[in-house]
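Residues per chain are reported as follows:
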Amino acid sequence: MRIRDSYTGEITDYSGLTIICSGGMNGVFPGMTTGTSQNSGHVTATLFAQGVQLGNPEMLQYHPTTIGISGKRCLVTEAARGEGGRLYILRGGKPWYFMEELYPELGNLMPRDVVAREMFFVRQRKDSENQVYLDLTGLSSETWQHRLSDLRAELLHYLGKDPRNEPIPVHEGIHYFMGGIDVDIQHRTSMSGLLAAGECCCQYHGANRLGGNSMLGAIYGGKIAADTAANDDSAAENAPQPVTDNEPYAAEDDAKCIRDISHILLGGLGIVRDAETLRQALQSLHQLWNSREYPVRMRNRFILAEAMLLAAAARKESRGAHYRSDFPQTDPSFRKTTVAVCENGGVQIRFRDLPEEEA
Amino acid sequence: MKVELQILRRANAGDTPRLQKILYEYKDAQTTAAFALHDINENGCTDIDGEPVAKIRWMCSCMQKKCGACAMLVNGIPGLACDTILTEAAQNGVVRLEPLRKFPVIADLIVDRTVMMENLKMMRAWLAEATKADETVGELTYDASRCLQCGCCLEICPNFCAESSFFGMSAAMSSSRLLSVLPESQKKEFFRAYRIHFYEGCGKSLACRNICPAGIDIERLLVNSNAAAVWKRQKAFHVRKEEKP
Ligand SMILES: Cc1cc2nc3c(=O)[nH]c(=O)nc-3n(C[C@H](O)[C@H](O)[C@H](O)COP(=O)(O)OP(=O)(O)OC[C@H]3O[C@@H](n4cnc5c(N)ncnc54)[C@H](O)[C@@H]3O)c2cc1C
Ligand code: SF4
Ligand code: SF4
Ligand code: FES
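The structure presented is a predicted model; accordingly, all values stated were derived computationally and were not measured.

1. Overview of the packing of aromatic side chains
Residues and elements named next belong to chain A.
And step 1. One pass over the structure, following the stated rule, counts 16 aromatic pairs over all chains.
And step 2. Ring plane angle 80° and centroid distance 6.0 Å describe the contact between Phe 121 and Tyr 323, whose orientation is recorded as edge-to-face. Pair noted here: Phe 121 is in helix 4 (residues 112-124) and Tyr 323 is in strand 15 (residues 323-324), with a separation of 202 residues, a long-range link.
And step 3. Assessed through its relative accessible area of 33%, Phe 121 is described here as partly exposed.
And step 4. Classification of Tyr 323 as buried rests on a relative accessible area of 18%.
And step 5. An aromatic cluster is defined as three or more aromatic residues linked by ring pairs; in this entry it consists of Tyr 88, Tyr 97 and Tyr 133.
And step 6. If you follow Arg 86 out to its NZ or CZ, it ends over the ring of Tyr 97, 3.6 Å from the centre.
And step 7. For Arg 91, the ring lying beneath its charged end belongs to Trp 96, and the centroid distance is 3.9 Å.

And the structure:
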């Protein structure tokens, strides 16, 4: 495979098996995620367009507490709530600690998908202001000094707010991609000779992910992929190599179009989804596509975006991070992996049974 | 709000550097140099002579002071572009961005910091076998682990240069983290590497102390690392219960 070092511009040819470790697809939503701007989503888009299958591309994790800082969404760690932080919204001018009222047992510490969804719902209410706050004013100085000193420094620096004295406005933000390049238990993709590990692939998390366990994909999964590659060179010899894009390329070249696509995607792949908004998003995507000619690398991004929307439309149920207001229940017949594949230039969505031990 | 960004441009390593001046307008008082660089690259602009600004090459990843990619000189002082709030950094309305000088330049604001990783490899700064950290080493080790390997401390250090056998504070930070949990089998060799590549070369002037964008308590870690590796005080990293800082 021909690889271009994006900093030095050096081009190197490698032979043998390839393990893709390109991380979550933050660049599909530029400036809207908590992750690195380096993960452009370009790798996944390029491979998908060449026939590499995706798994569960509709499964995005929204983290409940993020803040908008210069150019990105910055994560406010769950530990802030673990240490006693409370979420509220102003309802009729008074703070309403909605999580504590709705979930008396776990309150603010419910799983991310539940908290993010409730935040979305309370923000839509007519009697509420459209802003949720994280109240950390009750935390002890011991906590600030020893446990959350970094968080306080960050909030002071980027928001100019001292969380000891004033509540912090927070918003749900995209944090993790449970779906991605479809791999088997040995981390092989659907293309022979090509493996994937880490957040770029879909292997361990299904429809949801608890905080802290991306180690599973990045470290354990990375080891499995390395073992597979080290022990199996049979496929390497004749493996059809994916074509990589070796043109000097920065996502910034296509920035405007990438942003347009991301806005369309956010319309369809929000925290709460339904058939109509997904249909509209698909329609807008096609309009944008038909509005002018695009280079191949942009075409790949359109195809990827279409797959994400079609997968969300096909999964007519709610499960984990995927919530459909028109199908609010979990439907056991969808206890399957969504598989997206690009065939003859068109995107196909199918559902695959889970391997027996997982089902 | 307005600031004059002065950016040292080079198309490649061999190119003659020239300072390009851009009048940059922004709305949010918290706007960082990192945001401005993205913005200029995405939306394009002209410099003060009316010339279009070619894409500015720089390194960026996290945008929130967590990865060290965007280290550069800001008005002559090493720092992170994503830590540089334009309003605060401007001197007489100017923010000058230049690549770090201690490393070879690749283009514009990108330098090649490979030597930092190579130096750690040379010190064999890794755990060769599984080991256990007992709970008392937590706080210091955590502080050391906040090192971004950004290289700002190397830039300011009077004793460091890319070719020297003195590896500088960034290597000492990685060493600190390791020293607190080092298994018996690695001690002799690693203590030696620490002495040769750090202890003997460091003048202890602590010019690097206030530059660290991660705000690591460098002095305190150094005292403990030296105690462990040079003076062989086994418990250097163990904070005793009663003396919780
Ligand atoms: C703010 C934040 C906090 C988190 N906290 C935790 C936590 O506490 N616990 C936990 O378990 N998980 C956490 N996660 C998630 C976890 O960090 C990630 O899932 C994990 O780092 C992914 O590892 P990876 O190696 O798969 O990908 P990454 O670490 O994202 O690495 C991907 C690499 O691919 C490179 N790359 C991508 N595209 C290209 C391209 N086109 N060309 C060249 N290179 C490319 C990138 O430069 C990058 O180096 C957090 C994530 C964020 C954003
Ligand atoms: S104390 Fe001085 S010599 Fe030692 S690493 Fe820091 S700047 Fe360099
Ligand atoms: S010690 Fe500080 S300045 Fe030096 S590399 Fe680490 S984070 Fe950067
Ligand atoms: S981009 Fe990561 S430290 Fe600035």
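2. Section: the pairing of strand 5 (residues 94-98) of chain B
All names here are of chain B.
And step 1. With 4 of 5 residues buried, strand 5 lies mostly within the body of the structure.
And step 2. Both strand 1 (residues 2-9) and strand 5 contribute to a ladder of 4 bridges, which runs parallel. The residue bridging Leu 5 from the neighbouring strand is Val 95, located in strand 5.
And step 3. By the bridge criterion, 2 bridges tie strand 3 (residues 71-74) to strand 5 in an arrangement that is antiparallel. Within strand 5, the residue paired with Val 74 across the bridge is Leu 97.

3. Thoughts on the sheet that holds strand 13 (residues 201-202) of chain A
Residues and elements named next belong to chain A.
And step 1. Strand order in this open sheet of 5 strands is 13-11-4-16-17, and the pairing throughout is mixed. If you trace the sheet from one side to the other, it starts and ends with strand 13 and strand 17 (346-353), each paired once.
And step 2. Across 2 bridges, strand 11 (residues 180-182) lies against strand 13 in parallel orientation. Note that in strand 13 the partner of Ile 181 across the bridge is Cys 201.
And step 3. Against the sheet, helix 1 (residues 42-49) makes contact with strand 4 (54-55), strand 11, strand 16 (336-343) and strand 17, and its axis sits at roughly 70° relative to strand 16, the strand it touches most.
And step 4. Sitting on the sheet, helix 10 (residues 296-314) is in contact with strand 4, strand 16 and strand 17, with an inclination near 45° to strand 17.

4. Description of the domain arrangement of chain A
Residue and element names in this part refer to chain A.
And step 1. You can read the domains of chain A as domain 1 (2-59 + 178-233 + 254-353) and domain 2 (64-174).
And step 2. Look at where the C-alpha atoms of domain 1 and domain 2 centre, and you get two points 29 Å apart.
And step 3. At the interface, 15 residues of domain 1 touch 14 residues of domain 2.
And step 4. Of the roughly 1,200 Å² buried where domain 1 meets domain 2, counting both sides, 63% is carbon and sulfur surface.
And step 5. Its largest share of buried area at the contact with domain 2, domain 1 owes to Thr 34, Ile 271 and Val 272, together 41% of the area lost on that side.
And step 6. Across the contact surface, domain 1 and domain 2 share 0 salt bridges.
And step 7. Viewed at the interface, domain 2 and domain 1 are joined by 5 residue pairs in polar contact (both at pLDDT 80 or more).
And step 8. Looking at the side of domain 1 that touches domain 2, its residues break down into 7 nonpolar, 7 polar and 1 charged.

5. What to know about the site of ligand 2
And step 1. Near ligand 2 the following residues occur: Cys 157, Pro 158, Asn 159, Phe 166, Met 169, Cys 202, Gly 203, Lys 204, Ser 205, Leu 206, Ala 207 and Cys 208 of chain B.
And step 2. Its residues assigned to classes, the shell around ligand 2 shows 8 nonpolar, 3 polar and 1 charged.

6. Brief notes about the nonpolar core
And step 1. Formed by 104 residues in total, the largest nonpolar core has its most connected members in Leu 87 and Phe 98 of chain A together with Leu 5, Trp 58, Leu 86, Leu 97 and Met 169 of chain B.
And step 2. Once residues lying within four places of it in the same chain are set aside, the contact partners of Phe 98 of chain A are Leu 87, Tyr 88, Ile 89, Glu 118, Met 119, Val 122 and Val 132 of chain A.
And step 3. One finds Met 25, Met 191, Cys 200 and Ile 258 of chain A within the second-largest nonpolar core, a separate group that totals 50 residues.

Each value, and the rule that gives it
- Residues numbered from 1 in each chain as written.
- Chains lettered and ligands numbered in written order.
- Predicted model: local features only at pLDDT ≥ 70, side-chain atom pairs only at ≥ 80, totals over all residues.
- Heavy atoms only, no water.
- Phe/Tyr/Trp six-rings, centres within 6.5 Å; stacked < 30°, edge-to-face > 60°.
- Helix = DSSP H or I, 4+ residues; strand = E, 2+ residues; numbered from the N terminus.
- Buried < 20%, exposed > 50% of the residue type's maximum accessible area, 1.4 Å probe, protein only.
- Lys NZ or Arg CZ within 6 Å of the ring centre and 35° of its normal.
- Pairing = 2+ DSSP bridges.
- Contact = heavy atoms within 4.5 Å.
- Axes fitted to C-alpha atoms, helices over the stretch in contact; angles between N-to-C directions.
- Domains from an automatic or database assignment.
- Buried area = accessible area lost by both parts, 1.4 Å probe.
- Salt bridge = Lys/Arg side-chain N within 4 Å of Asp/Glu carboxyl O.
- Polar contact = N/O pair within 3.5 Å; in protein donor to acceptor, adjacent residues only side chain to side chain.
- Nonpolar A, V, L, I, M, F, W, Y, C, P; charged D, E, K, R; others polar.
- Near = heavy atom within 4 Å.
- Core = buried A, V, L, I, M, F, W, Y, C linked by side-chain atoms within 4.5 Å.

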